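# Understanding the architecture of this molecule
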There are 2 protein chains.
Amino acid sequence: ASGLPPHATPPAPVNPWASLTVLETVAIADWLDAPERALNLTPGSRVSIADNFIYHIGAFRPAKADALFYLDDPSAHGPPDRYARVTIHHGAAAEPYVQDYLIGPLPIDGKTGIRELTEVYHRDAIPYNARGYTTLAEINPILTDIMPSLAEATKELFDGVALGLPNDTLVAGAVGPLSFDGTFRRTWINWRRNVPGLWLHPVGFFLYIDMSGTDPREWRLLKIVYNHQVFDSVEEFMTAFHGGSLKRLPKRPDSKDVEWTSRTRPDTTPRDLDHLPGPRAVSFAGLRFRVDRATQYISWMGWGMYLGFDRDMGLSLWDIRFKGERLIYELAPQEAIAQYAGNDPMQSSTAWLDRYFGMGGSVRDMLPGYDCPHEAVFLPATTHGFTGSVTRQRAICIFEHDTGRPITRHMGYSQGEFGAVKGYVLVVRSISTVGNYDYLFDYIFQLDGTIEVKLSASGYLQGGFWESTQEGYGTAIRDTTMGSLHDHVINFKVDLDIAGPKNSLLFTNTAQEEVSQPWFEDDWGSTVLQQKITRKIIENENDALLRYPQNFQGGYALVNTEALNRWGIARGYAVHPGYSPIYNTVVGSKRLLNNANWARYNLAVSRRKETEPSSSSMWNQNLPGAPMVDFHKFFDGENITQEDLVAWINVGMHHLPQAEDAPNTRTNLATSSFFLTPLNYFDEDISMDALNAILLAPPERPGDAWTYEDYGVKAVHCVPPAVPPFEYVGVEAYG
Amino acid sequence: ASGLPPHATPPAPVNPWASLTVLETVAIADWLDAPERALNLTPGSRVSIADNFIYHIGAFRPAKADALFYLDDPSAHGPPDRYARVTIHHGAAAEPYVQDYLIGPLPIDGKTGIRELTEVYHRDAIPYNARGYTTLAEINPILTDIMPSLAEATKELFDGVALGLPNDTLVAGAVGPLSFDGTFRRTWINWRRNVPGLWLHPVGFFLYIDMSGTDPREWRLLKIVYNHQVFDSVEEFMTAFHGGSLKRLPKRPDSKDVEWTSRTRPDTTPRDLDHLPGPRAVSFAGLRFRVDRATQYISWMGWGMYLGFDRDMGLSLWDIRFKGERLIYELAPQEAIAQYAGNDPMQSSTAWLDRYFGMGGSVRDMLPGYDCPHEAVFLPATTHGFTGSVTRQRAICIFEHDTGRPITRHMGYSQGEFGAVKGYVLVVRSISTVGNYDYLFDYIFQLDGTIEVKLSASGYLQGGFWESTQEGYGTAIRDTTMGSLHDHVINFKVDLDIAGPKNSLLFTNTAQEEVSQPWFEDDWGSTVLQQKITRKIIENENDALLRYPQNFQGGYALVNTEALNRWGIARGYAVHPGYSPIYNTVVGSKRLLNNANWARYNLAVSRRKETEPSSSSMWNQNLPGAPMVDFHKFFDGENITQEDLVAWINVGMHHLPQAEDAPNTRTNLATSSFFLTPLNYFDEDISMDALNAILLAPPERPGDAWTYEDYGVKAVHCVPPAVPPFEYVGVEAYG
Ligand SMILES: [Ca+2]
Ligand SMILES: [Ca+2]
Ligand SMILES: [Ca+2]
Ligand SMILES: [Ca+2]
Ligand SMILES: [Cu+2]
Ligand SMILES: [Cu+2]
């Protein structure tokens, strides 16, 4: 019966991409805090933004050459030197700034050094304003300056106040980006009712705030906007309010209604038979995937991979091998944008890049039996922020899933033509909750060598205040709430290594042609209209910013032109579009000018560089005009034939909200994916080697029974182990 | 524990769309055979093509108004009159023809009448040549005339002969269409080695045959093609063969190799742990869907529907209701095209329309545990062809499936923000094997009102003979075999009735705009680039031949502009693209000139007509120039605002074959789907009413435990019932 997974044996005993342990982090923090470092650090527990403090400590991944040198013969070589990347906020500097450092080798000893990490960025300085906010609470000084003076109005207009007290009935949200190039830090504050599901309770009241620099006394209110009216000051607004010139929004019936934004089950008659638990998958003969918890290495049906996890983007997969061959060196999400539209200062100003918030840092425990099947094996993850380390025991889940359908089958008539192979898959999942939204990252491994990378969304919309001039920018989902139009685009780094690191980019295209042949008959005319395939190697990076062809007539693949399959064809893996293969609708918006240019395409392919580890950075959010990582700079005219290539592949969704997005968006429609799938990589379909398969033989004589071969695999039935009682622990924090 | 499903109670005790029973069919055949009908019928067991005989008997579905009249109050009204559609081949007529008849009402009695069924077709006569072939064996007379004279050559060139004997080592295939407009019947015969997986063993030898009319003595050989050389006669070919002027194809190493086209497991080391059975879903507390076998009515979680089944296209779904409201009157596949390209007479001449072969008639028993999970409930289907009736006990399977992921979830911080609803779905499946190909039809019902309609393919490629001039038309998958480039497009009729039968077609589109607002700051310039939605009702059918917008920026929905949801928005259902949302690449080919024009679009919407029950017919295959059903004629300028509308929606796949298509195509990539999904149809997400859900409450004080509500649904663990031994019965035939 199922239970603990069998133990995996990783190809090398050290995971070169493992996260830092809490002990390593403590040692690094202590070492940085030592007087000889002269960093003048303030402990995280009592920092202000005018202090120097450690914002983040994370593992810095080794150079690929170093990791491969180790992996190629782990008995002969030690693992690559281990380094930490440390982000320090120099708030106490005369000109405050942020700096990334490399610290290592680890563990800390006499040889440990520190240097500035700059080679992975496209500008030297990280402006302090680009930091956004460390916590939203740092904005409180100016809000508690402004809002009490507006309380009389907000009470009457919105039935709420924000006095800076725990029982405030209005709560602030801020939109990003907060800067264009780092020269300022300004945001639109929007107010929401302080109730469960507050994201769907905006009141339609906006403050534009300047919070540049580190001295809250210099911060100021720039504008107030209410119902399309603009005021330059509190006084101007209150004068209009008292004087009766303020054009008010109509009172609406749902201002008191909060049930609809709760996940509490509505009090309706349950559906027929829903009081019974639904079907539950059980591996009656035991789990068929292996896990090594120490290295976070997993294997299943010829697949093997190491897991990584970091603050910026959470789960990543490393050294993915299939049937003994390395296929992908690194598979890792890079960034998630959500760009909004609207007719109010909040929605028309929002362009989120969620790496800024930390999609790994915001992972919380998944719910056994709900987020993942009961049988799933959970793995922990730890990240290290300015307040300390946080571990979740259920950051990642792994389970084998019966898709309920065969991967291949045929019903023929001759011997050997009749049978099926069952469609099992291995799912590796992590869910990140970034404020209102929940992103489900699924990596789905299949028996034939295919991987589906799938991202789904749930959680709350970033709602807007609904009134008629919002028409065109979304949909009313309640009397005074709308879902605002926005695009999601999420970028993945896929460092495919097809039969070795030297690969080329193949573009396959089909089009219609008219041809003539000597055998054509007058019956059908002298020509035939038919399809034809054109295959082309794209030789230059500058031509590798790609969109799927019209009507998906062809596509893109990485191939190794020096490694042919048995039929003489370059072995390859195709990037096959899955659900919702879209790119960003808006091009050229100032709020997303150059900080997410990968989102303009379905995918792009560049030469792999140690200096280009990621398509984004946590500061890109607030530097659209002058980003730390400028994706387009990767594409500098280099040749990409038989080089080590990286594919940067997008998923996404045009989110036109609708009533059914309340209370939470449904993952079944809010889903997007791509496949990485063998393209003449093998000589034939290798999933035919499955034992969970059947082959039927037709009767020798009519009337005889059909016989079959099931390769000795029989369904087992026994009492499955009891499902343990549901339990949710939450995170473990280490100060 | 699981086992027999609980019993369903259909809304009406008679399924108006039920197939004919064997007894009904026998009675109809007997009635037709009576001397007073004067049809001069020959029994199916001994027909030749020069006889009159019953080719097919099937249920003719009632008029929608009649069916609804019954369903609206089944206690007050009887079911609609029952009719059969009978296809008779009048081979004995002076000018042979095919005729469809309507016979009824049933059961047969004094009131039963017969009339010609013509109102559903766009031409009166069904030409006898459009019948294609009744069985491929009818071509034998001419082949046994030709091939023995070629045996010396075929033995030497292909190591095979076709002498018309059971042990023939070459076997014929024929390509379609066999006619352009019914004035002739001609086909390219291609020869394959007579081994398992023969589809992948073409030898590259082609005969062009005229088989017009019913007298084989008038049939003749028009051309022989081998290695791009054309011969007008056997003599000419044999002269070249003996004289040494024949340019031969090179001998290739795999001419003897047949293992690779078998589904027999290769003799390789099994994968790690694959000797264990994979996870198996068990409904430990019993199945949660209901089935009424008598009416073939099923229900699950607020969904209910009747099933239908017919010879042409197999499974169809009727009167689909959700939460008490009719949503879809009819959901039924219509046609499946496969249009090939190539550099030989076979592949460049092939454009299949599989309704011709009978996608329902070619359904065979599914394999329990492989084609459907062990828990699946199977339902039978019966079809009636010229040789008699055939029943399969496992034509349809139904099962509840745990998708392994939540349909919604969020992790918030406030009361009511934290929880998940489990993502169960109900799958209704049928698999049709049409010669080489297996089509998996999946209808996937979800808790929120969404249906995913998904088609996947497996089975054998229609292979071609590989030589270098085929470059551009496919890929070598073996030394002498190629997979040929082709497109699949499959059309579904979806008679959505959104809050009643009167609906309109909404086109939603998004584009970029540049706007200015009074509150804009100089920080970001005086304008903002953002998205905006345009919503438009398409008023005329002629504008309703549709492709998805560029980058999927918007889409199509059927809405009822007179039925608003609580927020004032027209209730609707959207057609949301799923996997591989493509249309046919080739437009204007003579072999697909006007018989499958639906394939030029992603979808189309027309006014519903009793005279337009289907987008195709079984004779469309062989009448590209003058089809029985000309889809474009549906689009005759009618207004489609608040009318009863039908959406004709396509799935499909550009099939660029690859080595991994051998032996059989993989369903994971060869898959295409669309979603029918509520679009402001509800006031909120109604899947929130699920009991298989969890809601967590944060601790009242830090350190306290999280508490939760699971609505009383607990995992049950007990011994599941034993999985019965595998058994395959095959079809039951009634002569
Ligand atoms: Ca470059
Ligand atoms: Ca690479
Ligand atoms: Ca019409
Ligand atoms: Ca309708
Ligand atoms: Cu969204
Ligand atoms: Cu195909």
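Look a little higher up for the structure.
Residues numbered from 1 in each chain as written. Chains lettered and ligands numbered in written order. Predicted model: local features only at pLDDT ≥ 70, side-chain atom pairs only at ≥ 80, totals over all residues. Heavy atoms only, no water.

So, on to the sheet that holds strand β25 (residues 481-484) of chain A. All names here are of chain A. Strand order in the open sheet formed by three strands is β23-β25-β24, and the pairing between neighbours is antiparallel. Sheet topology places β23 (463-465) and β24 (474-476) at the edges, where each strand pairs with a single neighbour. Recorded for the sheet is a direction-independent mean angle of 35° between the axes of neighbouring strands. Bridge count between β23 and β25: three bridges; the pairing is antiparallel. When the bridges of β25 are listed, G464 appears paired with M482. (Pairing = 2+ DSSP bridges. Helix = DSSP H or I, 4+ residues; strand = E, 2+ residues; numbered from the N terminus. Axes fitted to C-alpha atoms, helices over the stretch in contact; angles between N-to-C directions.)

What follows deals with the pattern of salt bridges. On inspection of all chains with the given rule, the structure shows 85 salt bridges over all chains. As a salt-bridge pair, D274 of chain B and R288 of chain A come within 3.0 Å of each other at their nearest N and O atoms. In this pair, D274 of chain B is assigned in the loop between α4 (234-243) and β11 (280-282) and R288 of chain A in the loop between β11 (280-282) and β12 (290-292), connecting two distinct chains. Take D274 of chain B and R288 of chain A: they sit in the same class, and that class is buried. Across the salt bridge formed by D644 of chain B and K64 of chain B, the nearest N and O atoms sit 2.8 Å from each other. With D644 of chain B in strand β33 (residues 643-655) and K64 of chain B in helix α2 (residues 64-72), the pair connects residues that are 580 residues apart, well separated along the chain. Judged on exposure class, the residue D644 of chain B and its partner K64 of chain B are both buried. Taken together, the shared-partner salt bridges in this structure form one network comprising K64, D495, D497, R608, E610 and D644 of chain A. (Salt bridge = Lys/Arg side-chain N within 4 Å of Asp/Glu carboxyl O. Buried < 20%, exposed > 50% of the residue type's maximum accessible area, 1.4 Å probe, protein only.)

All names here are of chain B. Pairing within the open sheet is antiparallel, and its three strands lie in the order β23-β25-β24. Both outer strands of the open sheet, β23 (463-465) and β24 (474-476), are each paired with one neighbouring strand and no more. The sheet shows a mean angle of 35° between the axes of neighbouring strands, taken without regard to direction. Of the strand pairs in this sheet, β24 and strand β25 (residues 481-484) are connected by three bridges, and their pairing is antiparallel.

Residue and element names in this part refer to chain A. For the calcium ion (ligand 1), the protein coordination sphere consists of E541 (OE), E541 (OE), F634 (O), D636 (OD) and E638 (OE), at 2.2 to 2.5 Å. Expressed as a motif, the donor residue spacing for the calcium ion (ligand 1) is E-x92-F-x1-D-x1-E. Overall, F634 belongs to the buried group, its relative accessible area being 1%. Residue E638 is classed as buried on the basis of its relative accessible area of 18%. (Donors = N, O, S within 2.8 Å, 3.2 Å for Na, K, Ca; no water.)

So, on to the state of the cysteines. Residues and elements named next belong to chain A. Enumeration according to the criterion identifies two disulfides over all chains in this entry. Through a disulfide, C372 is tied to C397; the S-S separation comes to 2.2 Å. Disulfide C372-C397: torsion about the S-S bond near -90°, hence left-handed. You can see C372 sitting in the loop between β17 (351-353) and β18 (377-385) and its partner C397 sitting in strand β19 (residues 388-410), a full 25 residues away along the chain. (Disulfide = S-S within 2.5 Å.)

On to the interface of chain B and chain A, then. With 220 residues of chain B at the interface, the matching set in chain A holds 220 residues. Considering only the side of chain B, the residues that lose the most area to chain A are R271, W519 and W524 of chain B, jointly responsible for 6% of the buried surface there. Remark: the boundary between chain B and chain A carries 122 residue pairs in polar contact (both at pLDDT 80 or more). Taken together, the residues of the side of chain B that touches chain A sort by class into 102 nonpolar, 70 polar and 48 charged. Across three bridges, the pairing between β11 of chain A and β11 of chain B is antiparallel. Considered in β11 of chain B, the bridge of R280 of chain A is made with V282 of chain B. (Contact = heavy atoms within 4.5 Å. Buried area = accessible area lost by both parts, 1.4 Å probe. Polar contact = N/O pair within 3.5 Å; in protein donor to acceptor, adjacent residues only side chain to side chain. Nonpolar A, V, L, I, M, F, W, Y, C, P; charged D, E, K, R; others polar.)

The next point concerns the coordination of the copper ion (ligand 5). Residues and elements named next belong to chain A. Surrounding the copper ion (ligand 5) are the protein donor atoms Y437 (OH), H486 (NE2), H488 (NE2) and H655 (ND1), which sit 1.9 to 2.0 Å from the metal. Considering all four donor atoms around the copper ion (ligand 5), angles at the metal cover 92 to 126° and the coordination shape is tetrahedral. As a motif over one chain, the donors of the copper ion (ligand 5) read Y-x48-H-x1-H-x166-H. Taken together, the positions of Y437 in strand β21 (residues 437-446) and H655 in strand β33 (residues 643-655) put the pair 218 residues apart, joining distant regions of the chain. Note on accessibility: Y437 and H655 belong to one class, buried. (Tetrahedral: all angles 85-135°; square planar, octahedral: opposite > 155°, others 65-115°.)

Moving on, we come to the packing of helix α3 (residues 140-158) of chain A against helix α4 (residues 234-243) of chain A. A pair of packed helices can be characterised by two numbers: the angle between their axes and the separation between those axes. Residue and element names in this part refer to chain A. Closest axis-to-axis distance for the α3/α4 pair is 10 Å, and the angle between their directions is 25°. It follows from the interaxial angle that α3 and α4 lie roughly parallel. Crossing of α3 over α4 shows left-handed handedness. Contacts from I146, S149, L150, E152, A153, E156 and L157 of α3 reach α4 at V234, F237, M238, F241 and H242. (Parallel < 35°, antiparallel > 145°, perpendicular 65-115°, else oblique. Left-handed = near helix turned anticlockwise from the far one by under 90°.)

To continue, consider the relation of the copies chain B and chain A. For the pair chain B and chain A, the superposition axis carries a translation of 0.0 Å, the fit reaches an RMSD of 0.0 Å, and the rotation angle comes to 180°. Put plainly, the chains are arranged around a two-fold axis. Most of the interface of chain B is mirrored in chain A: 100% of its interface residues are interface residues there too. (Least-squares fit on C-alpha atoms with pLDDT ≥ 70 in both.)

Moving on, we get to the pairing of strand β27 (residues 502-515) of chain A. All names here are of chain A. Two strands pair when backbone bridges link them, and β27 and β33 are joined in this way by two bridges, in the antiparallel orientation. Paired with N503 across the two strands is E643, which belongs to β33. Pairing of β27 with strand β30 (residues 554-564) involves six bridges; the strand directions are antiparallel. Its bridge partner lying in β30, F507 is registered against Y556.

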